[in-house]
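What follows is the residue order along each chain.
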Amino acid sequence: MPTATDNTVTTVTGSAVPVRGNDIDTDQIVPARFLKEVTFDNMGEYAFYDVRRDDDGSLNDHPFNRYPNATILVVNENFGCGSSREHAPQALMRWGIDGLIGESFAEIFAGNCQALGLPTATADHETVEWIMAQVTADPALELTIDVEAETVTVGDEPVDVTISDAQREALLQGVWDTTALMKSYMDEVEQTADRLPYLNEFANC
């Protein structure tokens, strides 16, 4: 689970699930037919829904079936590409993912992850493949993403990763949740609203 004070996210620790493959798009992460739901409440059930199942509906050997308790997702290139649906990181978060490590992430997907407090750390191909190999060899292996230090500790072995400056600042300062941030300034919002003529039937004009 993330280590947090207020809304700050400094580290994420847990076991990992490796999902191999480049260009895994948001339609694979959460199929489009589930987007009709008006809340995100059930999205965790739909994470990788189709690719986790065979044609007869039975669960296959997809990593999400084999690593059901993982909290860190390890991926390859351009993860989260395709449509910009925010349901994709919502599905991952509600399934149990607290942080991601990959070779690269689609920009909008990474932004949507940031808005949920999920760090998206990147590393080169060799590093990611090494992490995947360690996790495959020991599914219970604990990983820690350190947002401030920009490292991932795999067991006892630290490796360097990169977290974008904007995401790193938002997570460390606890300003990634823009809705909560807005609510924390409701007094100022209400004061501004009271001064706007079109919200007050132009009473002060």
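As a reminder, the structure under discussion sits directly above these lines.
Residues numbered from 1 in each chain as written. Predicted model: local features only at pLDDT ≥ 70, side-chain atom pairs only at ≥ 80, totals over all residues. Heavy atoms only, no water.

Student: How should I be thinking about the layout of surface pockets in this particular structure?
Tutor: A probe as big as a water molecule, rolled over the atoms, marks out the empty space that is left. Volume-wise, the largest pocket comes out at about 170 Å³. What lines the largest pocket is Ser104, Phe105, Glu107, Ala110, Gly111, Gln114, Thr120, Thr122, Thr162, Ile163, Ser164 and Gln167. For the lining of the largest pocket, the secondary-structure elements that each account for two or more residues are helix H4 (107-114) and strand S6 (120-122). The element contributing the most residues to the lining of the largest pocket is H4, with four residues. A breakdown of the residues in the lining of the largest pocket according to their chemical character gives three nonpolar, eight polar and one charged. (1 Å grid on protein atoms, 1.4 Å probe; cavity = no way out; pocket = protein on both sides within 12 Å on 5 of 7 lines; lining within 4 Å. Points joined across faces, edges and corners; volume = space filled by probe spheres on them. Helix = DSSP H or I, 4+ residues; strand = E, 2+ residues; numbered from the N terminus. Nonpolar A, V, L, I, M, F, W, Y, C, P; charged D, E, K, R; others polar.)

Student: I'm lost on the pairing of strand S9 (residues 157-160) in this one. Help?
Tutor: A regular strand places its side chains on the two faces of the sheet in alternate fashion. With four bridges joining them, strand S8 (residues 151-154) and S9 adopt antiparallel strand pairing. Bridge pairing in S9 links Val152 to Val159. Following S8, the chain reverses through two residues before pairing antiparallel with S9; Gly155 in that reversal takes a positive phi of roughly 65°. (Pairing = 2+ DSSP bridges.)

Student: Is there a simple way to explain the nonpolar core in this structure?
Tutor: Buried together is how nonpolar side chains tend to be arranged in soluble globular proteins. Counting 55 residues, the largest nonpolar core has Phe64, Leu73, Phe79, Leu92, Leu100, Phe109 and Leu143 as the members making the most contacts within it. Other than its neighbours up to four places away in sequence, Phe64 contacts Val17, Val19, Ala47, Phe48, Arg52, Leu73, Leu92, Trp95 and Ile97. (Core = buried A, V, L, I, M, F, W, Y, C linked by side-chain atoms within 4.5 Å. Buried < 20%, exposed > 50% of the residue type's maximum accessible area, 1.4 Å probe, protein only. Contact = heavy atoms within 4.5 Å.)

Student: Just checking my understanding: could you explain the pattern of salt bridges for this structure?
Tutor: A pair can form between side chains of opposite charge whenever their charged atoms are brought close. Taken as a whole, this structure holds three salt bridges when the rule is applied. Among the ionic pairs, Asp50 bridges to Arg33, the shortest N-O distance being 2.6 Å. Pair noted here: Asp50 is in the loop between helix H1 (26-29) and helix H2 (63-66) and Arg33 is in the loop between H1 and H2, with a separation of 17 residues, a long-range link. Here Asp50 falls in the partly exposed class, since its relative accessible area comes to 36%. Here Glu150 ties to Arg168 by a salt bridge, and the two come within 4.0 Å at their closest N and O atoms. With Glu150 in the loop between strand S7 (143-146) and S8 and Arg168 in helix H6 (residues 165-173), this residue pair connects regions lying 18 residues apart in the sequence. By relative accessible area, Arg168 is classed as partly exposed at 24%. (Salt bridge = Lys/Arg side-chain N within 4 Å of Asp/Glu carboxyl O.)

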